[in-house]
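Below, each chain spelled out in residue letters.
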Amino acid sequence: MSDIIQLLPDHVANQIAAGEVVQRPASVVKELLENAIDAGATSIKLLIKDAGKTLIQVIDDGKGMSATDARMCFERHATSKIQKAEDLFNLCTKGFRGEALASIAAIAHVELKTKQENEELGICLKIEGSKVTSQDFISTAKGTSLAVKNLFYNIPARRNFLKSDTVETRHIIDEFQRVALAHPDIAFLLHHNNNEVYHLKSSNLRQRIVAIFGGKMNEKLVPIDEKTDILNIQGFVAKPEFAKRKRGEQFFFVNDRFIKSGYLNHAVVNAFDGLLEQGAHPSYFLYLKVPTNTIDINIHPTKTEIKFDNEKALYAMLRATVKHSLGQYNVAPVLDFNRDANLDTPYHYTKQSNTTSTPKITVNPDFNPFKETQSQPSQHHFKKEQHTQSWESLYTSTAIADENKQEELFNHQQETKTQKTFQIQRKYVMSLIKSGVVLIHQSSAHQRILYEEFLESITVKEANSQQLLFPVKISFSSQEIEMIYTIKSELENAGFSFDEFTKDSVTIKGIPVSVTESKITIILEELLHDINLEVPDTSFSHFDVMAKSFAKTLSIKTGTQLSEKEQESLVNNLFSCKEPTISPFGKATFKTLTLNEIDNLFNS
């Protein structure tokens, strides 16, 4: 029998490795940014086109590479970060496997320009599908510029699995934020389709957080600072009143590397015990420094999971530190850049000696409560005259009384009629039918009604827009502004009208007729969250997700008291829908109980 096991060609092996390392354009961004940091860069530029599908370019001012290193860096398992297995437990760099550039070069067109400081000329290398197509000496600045074009050009199936540009851009911005937050001393620049999204100067940690998430973040932050033999914790947590319903602003960094840890997250949430509303999530930016030999990073291809030697000790210290800082926040609630630290209560507060004195009691010996009794009736008489000083009030009060009597009579007549709908526990509406009863979930039913109305107004009818008397300016972070701008045309089709876009705010001058001004911020925040949930990229998808998001935000919530007319309107509108049986999110809107089924409940 002939041998059947054979060694895979290098280009096939590289494509297999790329399946683990390069999951989407954001994966390429992460690898290239981390390489730039390992190269000692002080300024890094990230240029993106078409959510990274057309171009991802990272330009840094690091130490650059020689001509030999420029060729070697695209070979599998070629790295300058480690030399032996023991180095895996003493890592001080972002990368160490030597797979990223080889994997990227296998599935894209790559152009590398690099020059070392002491060299007169740099080198330009072009690679397509792991094959070097050209290598030339060029005049270029010190550092490295690496452009990745036409990602997944030779694997069309993988390219088809990519999400919409909005979703992929969001993932890229997430990776950019994580790297930028881990290194506030490095200047970063992000351009997407020639639009500047971020321009971050070298700064301290607090200023970097505010630069990324907006000026309003400054007032929310509570500092964390604790040093022990096995762990140093620094960073910030947000005040409890600023906790959000959605996860997002939760960042853990271990030795300047972003990680995900449900275990450590639980420690932080536990420290907020009793301070948060049900379902709220605290925001935090926590930086942990631990000895490199007590962690194992090499357990996941994305390097976002870490194994700790003493997880229980870390949990206890993290929880205690956050709880301690929250206690200090209660003493000094105002925190900003210009605050004089000498005015704050010290972190290690010690009680001062008790120097309080007994309050003095003063008595008026001439006080007589009966002295002014003669003047009291005249004062009361004056007040009575004030109530009836206007002759019109006599007729007004009589008219109001007549109206109240008529309204009571009308309500009594209405109550004598047979009621066809009943609300149960402010959650369900029961309607009587000939064969039995229909039990309707009021929130899910209203979602279906609003969903079909919004979808029809967006796609079939011309959406009506109501102009605001005073335009509303809403603050968002830079990445949220970028997302809103990418779906601007869809929002305008839905009835929104925009006046101005800035880096951290958007001004709205018109809204859909069915939306109230107080709901604008809530609707847009919910919409941005829903778009992040990996919506497929079709021409109909954004309209669909917008209709679902609007319906979810504006629908009647459980616990809302409905009048009899509102109940009847809900029932009639539900059964006039095209698909009344399920909500936009796949949940049943009503259940029918026939008389036979009700009888069986008692006869069983």
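Residues numbered from 1 in each chain as written. Predicted model: local features only at pLDDT ≥ 70, side-chain atom pairs only at ≥ 80, totals over all residues. Heavy atoms only, no water.

All right, on to the overall build of the protein then. Across its full length, the protein carries 18 helices and 22 strands. The buried share of the protein, reckoned over its 604 residues, is 42%. Intrachain contacts of the protein at a sequence separation of at least 6 include 69% that bridge at least 24 residues. As displayed, the protein has an accessible area near 34,900 Å², and 51% of this comes from carbon and sulfur atoms. (Helix = DSSP H or I, 4+ residues; strand = E, 2+ residues; numbered from the N terminus. Buried < 20%, exposed > 50% of the residue type's maximum accessible area, 1.4 Å probe, protein only. Contact = heavy atoms within 4.5 Å. Areas by Shrake-Rupley, 256 points an atom, 1.4 Å probe, with all protein chains shown as cover.)

We now examine the packing of aromatic side chains. Using the criterion set out here, one finds 15 aromatic pairs in the structure. When the centroid spacing of 5.3 Å and the interplanar angle of 40 degrees are considered together, the rings of phenylalanine 498 and phenylalanine 501 count as tilted. Since its relative accessible area comes to 9%, phenylalanine 498 is described here as buried. Of the residues examined, phenylalanine 501 reaches a relative accessible area of 24% and is grouped as partly exposed. The structure contains a cluster of three or more aromatic residues connected by ring pairs, namely Phe213, Phe251, Phe253, Phe258, Phe285 and Tyr287. (Phe/Tyr/Trp six-rings, centres within 6.5 Å; stacked < 30°, edge-to-face > 60°.)

Taking strand neighbours across the sheet as the criterion, the 8 strands line up as S5-S4-S3-S6-S2-S1-S7-S8 in an open arrangement whose pairing is mixed. The two strands at the open ends of the sheet, each matched to only one other strand, are strand S5 (131–138) and strand S8 (195–200). Between one strand axis and the next, the sheet turns through 10 degrees on average, direction left out of account. In this sheet, S5 lies alongside strand S4 (residues 122–128) in antiparallel orientation, the contact comprising 7 bridges. Along S5, the bridge assignment pairs cysteine 124 with aspartate 136. (Pairing = 2+ DSSP bridges. Axes fitted to C-alpha atoms, helices over the stretch in contact; angles between N-to-C directions.)

Right, let's talk about the pairing of strand S18 (residues 436–441) for a bit. Along a regular strand, successive side chains alternate from one face of the sheet to the other. Most of S18 sits inside the fold, with 5 of its 6 residues counted as buried. Two elements, strand S17 (residues 428–433) and S18, share 6 bridges in a ladder whose sense is antiparallel. Following the sheet pairing, leucine 432 is matched in S18 by valine 437. The antiparallel hairpin formed by S17 and S18 contains 2 residues in its connecting segment.

This part covers helix H2 (residues 25–38). The end-to-end C-alpha distance of H2, which contains 14 residues, comes to 20 Å, matching closely the 20 Å that a straight helix rising 1.5 Å per residue would cover. Across the 14 residues that make up H2, a large majority, 13, are buried. Count one or two residues on from H2 and you reach glycine 40, which has phi positive near 80 degrees. (Expected span 1.5 Å × (residues − 1).)

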